[in-house]
Amino acid sequence: MIHQPLGTAGGKAMEMGLQVKEMMYHKIKMNKILSRITGKT
């Protein structure tokens, strides 16, 4: 089981938005890597 990425989203709305985008980028990238390695979607 893979958990949601932990983040310390805090501060101004703009900073939080950037942190959320970065977390989503890393989550998608990690899912693609794991999918490629395991052969599962």
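The following paragraphs examine the structure supplied in this document. Treat the numbers as computed from the prediction; the structure is a model and nothing was measured.

### Some remarks on the overall build of the chain
Line of reasoning, step 1. Across its full length, the chain carries one helix and zero strands.
Line of reasoning, step 2. The 41 residues of the chain split such that 0% are buried.

### A short note on a nonpolar patch on the surface
Line of reasoning, step 1. A cluster of nonpolar residues, V20, M24 and I28, forms a patch on the protein surface that exposes about 250 Å² of accessible area.
Line of reasoning, step 2. Examined against the element boundaries, I28 turns out to sit in helix 1 (residues 13–38).

### As for the environment of S35
Line of reasoning, step 1. Checked against the element boundaries, S35 lands in helix 1.
Line of reasoning, step 2. Dropping the residues within four chain positions of it, S35 is found in contact with K40 and T41.

### Topic: helix 1
Line of reasoning, step 1. Here helix 1 contains 26 residues, and its C-alpha end-to-end distance of 37 Å stays within 8% of the 38 Å for a straight helix at 1.5 Å per residue.
Line of reasoning, step 2. G39 lies just past helix 1 and shows a positive phi near 75°.

Cut-offs used in this document
Residues numbered from 1 in each chain as written. Predicted model: local features only at pLDDT ≥ 70, side-chain atom pairs only at ≥ 80, totals over all residues. Heavy atoms only, no water. Helix = DSSP H or I, 4+ residues; strand = E, 2+ residues; numbered from the N terminus. Buried < 20%, exposed > 50% of the residue type's maximum accessible area, 1.4 Å probe, protein only. Patch = residues over 30% accessible without salt bridge, like charges linked within 9 Å, V, L, I, M, F, W, Y side chains within 5 Å. Areas by Shrake-Rupley, 256 points an atom, 1.4 Å probe, with all protein chains shown as cover. Salt bridge = Lys/Arg side-chain N within 4 Å of Asp/Glu carboxyl O. Contact = heavy atoms within 4.5 Å. Expected span 1.5 Å × (residues − 1).

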